[in-house]
Amino acid sequence: MNKVRKLGLSLLNSLLPVLCAFAIGAVIILIIGQNPLTTYWIMIKNTLFTWKGFMKTLHYASPLILTGLAIAITFKANIFNMGVEGQLLGGAFASCIIGFSLKSMNPTAHVIICLLSGIIVGMLFALVPAILKAYFHVNEMVVTLMLNYAIAKILQVLASTVFRDKAAGYVATSPIESSAMFNRIGGTSITLFFPITIVVFIAMYFVFKKSRLGYEITAIGRNTEFAEASGMNVRRKIIYMMLISGALSGLAGAGFMMSEKFKYTLDFSGSPGLGWDGMLIALLGGHDPIGILIAAVFYSALKTGSDSIGIFANVPKEIVAVIQGLMILFLSIRFIDQRTKVFENFKTRFISKKAQTEEVQ
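Residues numbered from 1 in each chain as written. Predicted model: local features only at pLDDT ≥ 70, side-chain atom pairs only at ≥ 80, totals over all residues. Heavy atoms only, no water.

(A) Broad picture of the nonpolar core. Counting residues in each nonpolar core, the largest one holds 85 residues, and the members touching the most others are Leu69, Tyr264 and Phe268. A per-element tally of this core places helix H10 (residues 234-261) first, with 13 residues. Not counting residues within four places of it along the chain, the set of residues in contact with tyrosine 264 comprises Leu89, Phe93, Cys96, Leu155, Ala159, Val171, Ala172, Thr173 and Met257. Within the second largest apolar cluster, six residues are counted, among which are Met55, Leu58, Ala61 and Ile190. (Core = buried A, V, L, I, M, F, W, Y, C linked by side-chain atoms within 4.5 Å. Buried < 20%, exposed > 50% of the residue type's maximum accessible area, 1.4 Å probe, protein only. Helix = DSSP H or I, 4+ residues; strand = E, 2+ residues; numbered from the N terminus. Contact = heavy atoms within 4.5 Å.)

(B) Summary view of the packing of helix H3 (residues 51-75) against H10. Between H3 and H10, the least distance of the axes is 8 Å, while the angle of their chain directions is 170 degrees. On the basis of their axis angle, the class for H3 and H10 is roughly antiparallel. In this structure, H3 contributes His59, Tyr60, Pro63, Leu66, Thr67, Leu69, Ala70, Ile71, Ile73 and Thr74 to the contact, and H10 contributes Met241, Met242, Ile244, Ser245, Leu248, Ser249, Leu251, Ala252, Phe256, Ser259 and Glu260. Across the contact of H3 with H10, the residue classes break down as 14 nonpolar, six polar and one charged. (Axes fitted to C-alpha atoms, helices over the stretch in contact; angles between N-to-C directions. Parallel < 35°, antiparallel > 145°, perpendicular 65-115°, else oblique. Nonpolar A, V, L, I, M, F, W, Y, C, P; charged D, E, K, R; others polar.)

(C) Structural view of the packing of helix H11 (residues 274-284) against helix H12 (residues 289-312). Direction vectors running N to C along H11 and H12 enclose 130 degrees, while the axes themselves pass 8 Å from each other. Here H11 is positioned oblique relative to H12, judged by the angle of their axes. Helix-helix and strand crossings are classified by hand; for H11 and H12 the assignment is right-handed. For the pair formed by H11 and H12, the contact residues are Asp277, Leu280, Ile281, Ala282 and Leu284 on the first element and Ile292, Ala295, Ala296, Tyr299 and Lys303 on the second. In terms of residue class, the contact of H11 with H12 is built from eight nonpolar, no polar and two charged. (Left-handed = near helix turned anticlockwise from the far one by under 90°.)

(D) The arrangement of unusual backbone geometry in detail. Residue proline 272 is bonded to the preceding serine 271 through a cis peptide linkage, with omega at 10 degrees. Mapping proline 272 onto the fold places it in the loop between H10 and H11. Backbone geometry at phenylalanine 262 places phi at a positive 70 degrees, although glycine is not the residue there. By the element assignment, phenylalanine 262 lies in the loop between H10 and H11. The residue histidine 287 is not glycine, and still its phi comes out positive at about 60 degrees.

(E) Representation of the pattern of salt bridges in the model. Here the structure, examined in full by the defined rule, presents eight salt bridges. Among the salt bridges present, the one from glutamate 140 reaches lysine 133, with a minimum N-O distance of 3.3 Å. A relative accessible area of 4% means that glutamate 140 is categorised as buried. The exposure class of lysine 133 is partly exposed, given its relative accessible area of 23%. Between lysine 209 and aspartate 288 there is a salt bridge, and its shortest N-O distance comes to 2.5 Å. Here lysine 209 is found in helix H7 (residues 193-209), whereas its partner aspartate 288 is found in the loop between H11 and H12, with 79 residues between them in sequence. Residue classification places lysine 209 among the partly exposed residues on the basis of a relative accessible area of 33%. The exposure class of aspartate 288 is partly exposed, given its relative accessible area of 22%. One network of salt bridges, in which partners are shared, links Arg212, Glu216 and Lys237. (Salt bridge = Lys/Arg side-chain N within 4 Å of Asp/Glu carboxyl O.)

(F) Up close: a nonpolar patch on the surface. Where nonpolar side chains cluster on the molecular surface, the patch consists of Trp41, Ile44, Leu48 and Phe49 and spans about 400 Å² of accessible area. Residue placement: leucine 48 occurs in helix H2 (residues 36-48). Given a relative accessible area of 31%, leucine 48 falls into the partly exposed group. (Patch = residues over 30% accessible without salt bridge, like charges linked within 9 Å, V, L, I, M, F, W, Y side chains within 5 Å. Areas by Shrake-Rupley, 256 points an atom, 1.4 Å probe, with all protein chains shown as cover.)

(G) The arrangement of H10 in detail. With 28 residues, H10 ought to run about 40 Å at 1.5 Å a step, and its terminal C-alpha atoms sit 39 Å apart, in line with that. Burial analysis of H10 places 22 of its 28 residues in the buried class, the great majority of the element. Positive backbone phi, at 70 degrees, marks phenylalanine 262, one or two positions downstream of H10. (Expected span 1.5 Å × (residues − 1).)

(H) Representation of the side chain of aspartate 165. Along the polypeptide, aspartate 165 turns up in the loop between helix H6 (140-160) and H7. Excluding anything up to four places from it in sequence, aspartate 165 contacts Ala172, Thr173, Ser174 and Pro175.

(I) View of the state of the cysteines. For the structure on display, the rule yields zero disulfides. Free of any disulfide, cysteine 114 has its nearest cysteine sulfur in cysteine 96, 8.7 Å distant. (Disulfide = S-S within 2.5 Å.)

By themselves these figures say nothing about function.
Laid out in structure tokens, this is it:
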């Protein structure tokens, strides 16, 4: 019964911020002079209830699933890898360099090498804060946050100078070779990147739910001192978690590069960025793999549906960014947990008071 209650509270804590954000968004749409129900239906219909739109939603959900998992595996252990965005950019850049540097390769080998290069670079960028946290107790949140900006600036310089495509009219690298590109499947937006993402998702589900590492992550998150006292090598586990997080981030960047962008540009990850979006998705999904999958598809539908709103509803597509920002705001408030705690405290005090009264009588 406790598990059912806990699951129910978790679902409510994820749904309430979404409902509140959409409610405020509806008020804004009304002020503009449009019907919010019609606006939301246009967005949902074009992204989830048409074959072409749904395939596009799944395509853009692929990197979000991976970055959501990358965030969740560390946050679940109270280790805050805020560097997913930088690790994603590093993985994308590495796969791009390999993608256009190697010529006349077998497509299968070229794809594998590009993906592996992205994964390895993502892991390397995660290894530095992992070692600093595990062995020197340096705050990983500060280190990873600063690394995001350092990595982005370094890649900006490299893309603007050494690896710049002089034929392009803006800052960009050369496009990757066709042998390193993921082709569209069946005339849809889907590429091989999505099946790869699902395979990784299934593997991570078993890591979270069925593996020894998953149980150890939960134990570290609940009480680090107790986990260490029970014989667990917490330092090693911290490094493992950060490396897995970096690998997922690097894979997300490499896969998005090879299935969508095909060259590195300064706006490769968008705004605020696929790594930062992954943080919202992990929060929406309650750091649970299934929740993250659902949240990623939902969030992708929001992003891909913004164009439909602008075209068919006469509502600025920026309303989606407003809704996303409101969701982040409301996700910082755990409504149900707080109310439940207040209720429990009241219940405890009431019972204690009643017992004292009976003793006096």
